Amino acid sequence: MMKVVVMGTKERDLAFWLFAVFISGAAVFGSMLLWLAAFISALLFFYHFVIVRPRAVRESRKMGLETAVLVPLWSCAARLRLLLAGKKLAGWERAYEVHLSGSGKEIIPVLEKDLLNVAGTVKGLFFWETSFPVPSAIRKLVREKEKRNKAFWVKGRLPVPGTPLLPDPVDGKHVRYGAVVLD
């Protein structure tokens, strides 16, 4: 089984931080509502590891993708992510987060093939946050879409802290995040 390099997964991180806030509030105030909210956020956190991530890997392999993994996002989470980025992109129904399976610079040509395959076959809004080199054909596609307000690419990270004790493969000094609408 290939190692999946997580790039972002902000919804998982948000679920963790909501759990931390709710469980702290429940411990201090003893509120059953806060205990219930903490339980639900913990379920969402583990739902990512048990159901979402393995399903995304399987579905991406069925599509013929070798290194790219498309993790589906709920539309409300995608809208929240656009709000956090301060961007407005229209014309999408489904949203995905692009992850990588594997590591090392030797996967760049395979990644480019995978992403061009996605660009030609899958419609939706695609997010990424990475310090990994993005293939030139994809950078060109994003620049073209950016002129029509269908993409953005920003230096830095989204303002959501990561989950502690989980590896963060994103190198902080070369990070870029963005999104593109493929239609």
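A brief report on the enclosed structure follows.

Criteria and cut-off values
- Residues numbered from 1 in each chain as written.
- Predicted model: local features only at pLDDT ≥ 70, side-chain atom pairs only at ≥ 80, totals over all residues.
- Heavy atoms only, no water.
- Helix = DSSP H or I, 4+ residues; strand = E, 2+ residues; numbered from the N terminus.
- Contact = heavy atoms within 4.5 Å.
- Axes fitted to C-alpha atoms, helices over the stretch in contact; angles between N-to-C directions.
- Parallel < 35°, antiparallel > 145°, perpendicular 65-115°, else oblique.
- Left-handed = near helix turned anticlockwise from the far one by under 90°.
- 1 Å grid on protein atoms, 1.4 Å probe; cavity = no way out; pocket = protein on both sides within 12 Å on 5 of 7 lines; lining within 4 Å.
- Points joined across faces, edges and corners; volume = space filled by probe spheres on them.
- Nonpolar A, V, L, I, M, F, W, Y, C, P; charged D, E, K, R; others polar.
- Buried < 20%, exposed > 50% of the residue type's maximum accessible area, 1.4 Å probe, protein only.
- Arc of directions from axis to C-beta.
- Salt bridge = Lys/Arg side-chain N within 4 Å of Asp/Glu carboxyl O.

## Looking at the environment of alanine 26
In this fold, alanine 26 is placed in helix H1 (residues 10–29). Here alanine 26 is in contact with Ser31, Leu34 and Trp35, once residues within four sequence places are set aside.

## A closer look at the packing of H1 against helix H2 (residues 32–62)
Contact geometry for H1 and H2: axes closest at 8 Å, N-to-C directions at 155 degrees. The angle between the axes of H1 and H2 places the two elements in the roughly antiparallel class. By crossing handedness, the relation of H1 to H2 is classed as left-handed. Residue-level contacts link Arg12, Ala15, Phe16, Leu18, Phe19, Phe22, Ile23, Gly25, Ala26, Ala27 and Phe29 of H1 to Leu34, Trp35, Ala37, Ala38, Ser41, Ala42, Leu44, Phe45, His48 and Phe49 of H2.

## A word on the layout of surface pockets
Empty space within the largest pocket amounts to approximately 600 Å³. Lining the largest pocket are 25 residues, with Glu11, Arg12, Leu73, Trp74 and Ala77 positioned closest to its centre. Elements represented by at least two residues in the lining of the largest pocket include exactly H1, H2, strand E2 (68–73) and helix H3 (75–85). Residues of the lining of the largest pocket, tallied by class, amount to 17 nonpolar, 2 polar and 6 charged.

## Considerations on H3
Helical geometry: 3.6 residues make up each α-helical turn, so side chains three or four residues apart lie on a common side. Among the residues of H3, those classed as buried are Ala77, Ala78, Arg81, Leu82 and Ala85. Down the axis of H3, the buried set is contained in an arc of 140 degrees. They therefore lie on one face. Opposite the packed face of H3, turned more than 90 degrees from it, sit the exposed residues Cys76, Arg79 and Leu83. In this fold, the buried residues of H3 make contact with H1, E2, strand E3 (95–101), strand E4 (124–130), strand E5 (151–155) and strand E6 (176–182). Downstream of H3 by a residue or two, glycine 86 has a phi angle that is positive, lying close to 70 degrees.

## Quick notes on the pattern of salt bridges
For the structure on display, the rule yields 7 salt bridges. Note that lysine 113 is salt-bridged to aspartate 114, the shortest N-O span being 4.0 Å. Given the relative accessible area of 45%, lysine 113 is considered partly exposed. Look at aspartate 114 and you get buried, because its relative accessible area is 1%. One network of salt bridges, in which partners are shared, links Glu66, Lys113 and Asp114.

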